[in-house]
Every structure is written in structure tokens, then in C-alpha cells.
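Structural description and commentary
Single-letter residue listing:
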Amino acid sequence: MNAQNEKCVVIIDEGLPIGIIANTAAILGITLGMKMPDVVGADASDLDGNKHMGIIKFPVPVLKGNKKQIKELRLKLFSDEYDDLTVVDFSDLAQGCKTYEEFTDKMAACTEDNLSYLGIAVCGDKKKVNKLTGNLPLLR
């Protein structure tokens, strides 16, 4: 990923309880790390010689939205115009499952109309990401 021409953002429903916001951010980040391992830097050592695992090489702003905004954004991201972006979503369906098998079974039986997104992460061309998310404020 070229940090000058590409961007990565996370958008989370600001109306969620703080614990669900944190869980959503963690899940989106873990999945992005798996899909984009080249953006994680090498491990580092402190002055005492203790090792610290590498972290992402560039900032990832966490933005706030509401259920409607996130749903509309996710629907746009299904279009051919944005198929070159990396998109990770986390829905109420996924959050309510206790196992991955339960998640995949329920997802296979669910339509898009029945999903409510808690958050999404979008990475790729900076202009496209800004076009989609530039009007969203930081989650604070």
C-alpha cells in the first residue's frame, strides 16, 4: 500500500455502547491486518532490548457515522465503481454469533436488507475513500 495515494479509514456507529465500539474496531482491524499484511511494520525493540510487535505503518482514522450512513456507504461499496477497494464490514448478525460456523450459516440465510452494520473499514485509492468518507467526523 502506497501511503501517499492510498488511505484506510474505519467508520463505526457512534450510537453503540463503548464496549461494542471497541469490539467492532478490534474485529475490523484484525481482519484488515489479515487482508493487508504488508502494511504492518517489522517488530521493534526498546532500549532495554524488549521486543514489540510491529504496528501499522500509517494512521487509520476512526470516523463516526450512524446506522443509516454506514448502511448507505456499504451499499455503495458493493458497486463496480468501488470493487478495487478493500472493504471489511461487521454487522449485528456477526456480533450476535458465538461461533464462526454460526456466523457463516446465518449469513448464508440472510439478505442484505436484513443486515445492520456496526462498522466498516475501507482501504484503497485515497480519492475514492475521501469521496465516500470525507464528510464524516472523527469518532471521539
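Summarised in this report is the structure supplied together with it.

Criteria and cut-off values
- Residues numbered from 1 in each chain as written.
- Predicted model: local features only at pLDDT ≥ 70, side-chain atom pairs only at ≥ 80, totals over all residues.
- Heavy atoms only, no water.
- Core = buried A, V, L, I, M, F, W, Y, C linked by side-chain atoms within 4.5 Å.
- Buried < 20%, exposed > 50% of the residue type's maximum accessible area, 1.4 Å probe, protein only.
- Helix = DSSP H or I, 4+ residues; strand = E, 2+ residues; numbered from the N terminus.
- Contact = heavy atoms within 4.5 Å.
- Phe/Tyr/Trp six-rings, centres within 6.5 Å; stacked < 30°, edge-to-face > 60°.
- Lys NZ or Arg CZ within 6 Å of the ring centre and 35° of its normal.
- Pairing = 2+ DSSP bridges.
- Salt bridge = Lys/Arg side-chain N within 4 Å of Asp/Glu carboxyl O.

1. Examining the nonpolar core
If you look at the biggest cluster of nonpolar residues, it comprises 34 residues, and the most contacted ones within it are Ile11, Leu32, Leu77, Leu85, Ile120 and Val122. Those elements that provide at least two residues to this core are strand 1 (6-13), helix 1 (18-35), helix 2 (67-77), strand 5 (86-91), helix 3 (92-95), strand 6 (117-125) and helix 5 (126-133). Among the elements that take part in this core, strand 6 stands out by supplying six residues, more than any other. Setting aside residues up to four positions removed in sequence, Leu85 forms contacts with Leu77, Val122, Cys123, Gly124, Asp125, Lys128, Val129 and Leu132.

2. Considerations on the packing of aromatic side chains
All chains considered together, the criterion is met by one aromatic pair. Ring geometry for Tyr100 and Phe103: centres 5.3 Å apart, planes at 50°, overall tilted. Of this pair, Tyr100 and Phe103 are both found in helix 4 (residues 100-108), three residues apart, which corresponds to roughly one turn of the helix. Taking the relative accessible area as the measure of exposure, Tyr100 reaches 61% and is therefore exposed. The cationic tip of Arg74 hangs over the ring face of Phe78; the distance from NZ or CZ to the ring centre is 3.8 Å.

3. Some thoughts on the pairing of strand 1
As a general feature of sheets, a regular strand has side chains that alternate between the two faces. Most of strand 1 is tucked away, with six of its eight residues classed as buried. Sheet analysis places strand 1 next to strand 6, joined by seven bridges and oriented antiparallel. Bridge pairing links Val9 to Val122 in strand 6. Across four bridges, the pairing between strand 1 and strand 4 (residues 62-65) is parallel. Across the sheet, the residue bridging to Val10 is Val62, located in strand 4.

4. Let's talk about the pattern of salt bridges
The full count for this structure, using the stated rule, is eight salt bridges. A salt bridge links Lys67 to Asp13, with the nearest nitrogen and oxygen atoms 3.1 Å apart. Of the two residues, Lys67 sits in helix 2 while Asp13 sits in strand 1, which places them 54 residues apart along the sequence. Judged by its relative accessible area of 5%, Asp13 is buried.

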